[in-house]
Amino acid sequence: MDAHELITRNAAEVVTEAEIEALADDPEGKRAYVGYEPSGVLHIGHMLTANKLIDLQEAGFEVTVLLADVHAYLNDKGSFEEIRHTAERMRDQFIAYGLDESNTQFVLGSDFQLDDDYTLDLHALELETTLARAERAMAEITSGDSVKVSQAVYPLMQALDIPYLGVDLAVGGMEQRKVHMLARDVLPSIDREPPTSLHTPLIADLGTGRGKMSSSEGVTISMEDSREDIESKVNDAYCPPTADPEPTDDGVERDNPVLQVFEYHVFPRFDAVTVERPEEYGGDLEYDTYDDLAADLESGELHPADAKGALAEYLDRLIAPGRQQLAE
């Protein structure tokens, strides 16, 4: 793959295409970042953006991972001491998952977000941003009926982090799109460039195929899971024999999360996928591409149960180094 293909592989959206093309023309030494609230254990959502960071490193980018301890504190995730301990654990898990340690900089938000210049720039953004505009970017962090002042400041800090980290590309899931659009709107008001951004897809709930997979609701997969846990969760997953399942009776759209995990997690990390089957059922199947696997599921050549068995195997291979790191 060339640099542009690596950068955009499995991206749901880039903003803007012209800016991405300019980065792809000369990617060496460019910097990309993604920010995470320290939450203890990497789950499949973290792994999706980590896969994109691995792509970017292969394309020539340097990577910054922001372990956003101040954001986590504003979001009431514990004391600073607890959050920073969690951040250290997450750093080790990202390296175990496959990020190139020599080409990855891990930064705590408190390393720069408590400085005077940052604070004054944050106040300047507060002066330029209406509460209604900030609220549009707050959906992913608010819960319950009462919105706290800290939650209105949170997305402005996410916007300001981009120039303070000195990065060329902001990476996040599609749930971060509103924050990146806020950054493009407000950063020019303090003479900062609007950021180029790349958004990864959202994976549907593993059990139902609806909405998005969440670590706080429904079923997710994390580095704490044993092989048996992974097999159990994948075996119970929603997997109709198609990539485009019918909506529910209530009209709710659904996706096939088993196929999504193959596309966004497995095929980017493995050159080929083997689905093991007894000879009496046709023997093993070999796939070099996701499209071939999805086509066989659609045609009936690949049974959903066999697809699930292979998915559990490859997910376990991806997660095993992180699981071992946690055990140590």
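Treat the numbers as computed from the prediction; the structure is a model and nothing was measured. (Residues numbered from 1 in each chain as written. Predicted model: local features only at pLDDT ≥ 70, side-chain atom pairs only at ≥ 80, totals over all residues. Heavy atoms only, no water.)

Take the domain arrangement of the protein next. As assigned here, the protein comprises domain 1 (1-198) and domain 2 (225-324). Once you take the C-alpha centre of each, domain 1 and domain 2 turn out to be 30 Å apart. With 10 residues of domain 1 at the contact, the number on the domain 2 side is 10 residues. Connecting domain 1 to domain 2 are zero salt bridges. Taken together, the connections running from domain 1 to domain 2 amount to five residue pairs in polar contact (both at pLDDT 80 or more). Of all the secondary structure elements, the ones that give two or more residues to the side of domain 1 that touches domain 2 are helix 3 (44-59) and helix 5 (80-97). (Domains from an automatic or database assignment. Contact = heavy atoms within 4.5 Å. Salt bridge = Lys/Arg side-chain N within 4 Å of Asp/Glu carboxyl O. Polar contact = N/O pair within 3.5 Å; in protein donor to acceptor, adjacent residues only side chain to side chain. Helix = DSSP H or I, 4+ residues; strand = E, 2+ residues; numbered from the N terminus.)

Under the defined criterion, the tally for this structure stands at nine aromatic pairs. Centre to centre, the rings of Phe 262 and Phe 267 are 6.3 Å apart; their planes meet at 50 degrees, and the pair counts as tilted. Phe 262 sits in the buried class, given a relative accessible area of 0%. With a relative accessible area of 11%, Phe 267 lands in the buried category. Ring pairing ties together the aromatic residues Tyr 36, Phe 94 and Phe 106, which thus form one cluster. For Arg 192, the ring lying beneath its charged end belongs to Tyr 164, and the centroid distance is 5.0 Å. Here the guanidinium or amino end of Arg 269 rests over the ring plane of Tyr 97, the centre of that ring lying 4.7 Å away. (Phe/Tyr/Trp six-rings, centres within 6.5 Å; stacked < 30°, edge-to-face > 60°. Buried < 20%, exposed > 50% of the residue type's maximum accessible area, 1.4 Å probe, protein only. Lys NZ or Arg CZ within 6 Å of the ring centre and 35° of its normal.)

At a closest axis distance of 11 Å, the pairing of helix 3 and helix 5 adopts a crossing angle of 55 degrees. Accordingly, the angle class assigned to the pair helix 3 and helix 5 is oblique. Between helix 3 and helix 5 the crossing geometry is right-handed. Where helix 3 abuts helix 5, its residues His 46, Met 47, Ala 50, Asn 51 and Ile 54 lie against Met 90, Phe 94 and Tyr 97. Residue composition of the contact of helix 3 with helix 5, grouped by class: six nonpolar, two polar and no charged. (Axes fitted to C-alpha atoms, helices over the stretch in contact; angles between N-to-C directions. Parallel < 35°, antiparallel > 145°, perpendicular 65-115°, else oblique. Left-handed = near helix turned anticlockwise from the far one by under 90°. Nonpolar A, V, L, I, M, F, W, Y, C, P; charged D, E, K, R; others polar.)

The positions that UniProt labels "binding site: L-tyrosine" (unreviewed entry) are, in the present scheme, Tyr 33, Tyr 154, Gln 158, Asp 161 and Gln 176. In this structure Tyr 33 comes out as buried when scored by relative accessible area, which is 6%. When neighbours within four sequence positions are excluded, Tyr 33 is seen to be in contact with Thr 64, Leu 66, Gln 158, Asp 161, Ile 162, Leu 165, Val 167, Leu 169, Ala 170 and Val 171. When neighbours within four sequence positions are excluded, Gln 176 is seen to be in contact with Gln 158 and His 199. (UniProt positions renumbered as here; feature names shortened; annotations may be inferred.)

Taken together, Asp 271, Glu 276, Glu 279, Asp 284, Glu 286, Asp 288, Asp 291 and Asp 292 make up a surface patch of like negative charges. Structurally, the position occupied by Glu 276 is in the loop between strand 7 (273-275) and strand 8 (285-287). (Patch = residues over 30% accessible without salt bridge, like charges linked within 9 Å, V, L, I, M, F, W, Y side chains within 5 Å. Areas by Shrake-Rupley, 256 points an atom, 1.4 Å probe, with all protein chains shown as cover. Lys, Arg positive; Asp, Glu negative; His and termini not counted. Charge placed at Lys NZ, Arg CZ, Asp CG, Glu CD.)

For the rest of this paragraph, the subject is the pairing of strand 5 (residues 169-173). Strand residues, when the strand is regular, have side chains that alternate between the two faces of the sheet. The buried fraction of strand 5 amounts to five of the five residues, a majority that puts the element mostly inside the structure. Of the pairings in the sheet, the one linking strand 2 (residues 31-36) to strand 5 comprises two bridges and is parallel in character. What sits directly across from Tyr 33, in strand 5, is Ala 170. Regarding topology, helix 9 (residues 177-186) serves as the crossover connection from strand 5 to the parallel strand 6 (residues 197-200), and that connection is right-handed. (Pairing = 2+ DSSP bridges. Right-handed = clockwise from strand over helix to strand, strands pointing away.)

To continue, consider the nonpolar core. Core analysis: the largest hydrophobic core is formed by 67 residues, its most contacted members being Val 65, Phe 94, Leu 169 and Phe 262. In this structure Phe 94 touches Tyr 36, Leu 42, His 46, Ala 50, Val 65, Leu 99 and Phe 106, once residues within four positions along its chain are discounted. Counting residues in each nonpolar core, the second largest holds 25 residues, with Ala 68, Met 157, Ala 170 and Leu 182 among its members. (Core = buried A, V, L, I, M, F, W, Y, C linked by side-chain atoms within 4.5 Å.)

Once that is clear, we can look at the pattern of salt bridges. In this structure the tally under the stated criterion is 19 salt bridges. Linking Arg 277 and Glu 301 is a salt bridge whose minimum nitrogen-to-oxygen distance equals 3.6 Å. Here Glu 301 lies in the loop between helix 12 (290-299) and helix 13 (304-327) and Arg 277 lies in the loop between strand 7 and strand 8, a separation of 24 residues in the sequence. Notably, a salt bridge pairs Arg 317 with Glu 313, separated by 2.8 Å at the nearest N-O pair. Linking Arg 317 with Glu 313, this pair stays in helix 13, spanning four residues, or about one helical turn. Note on Arg 317: relative accessible area 42%, which makes it partly exposed. A relative accessible area of 23% means that Glu 313 is categorised as partly exposed.

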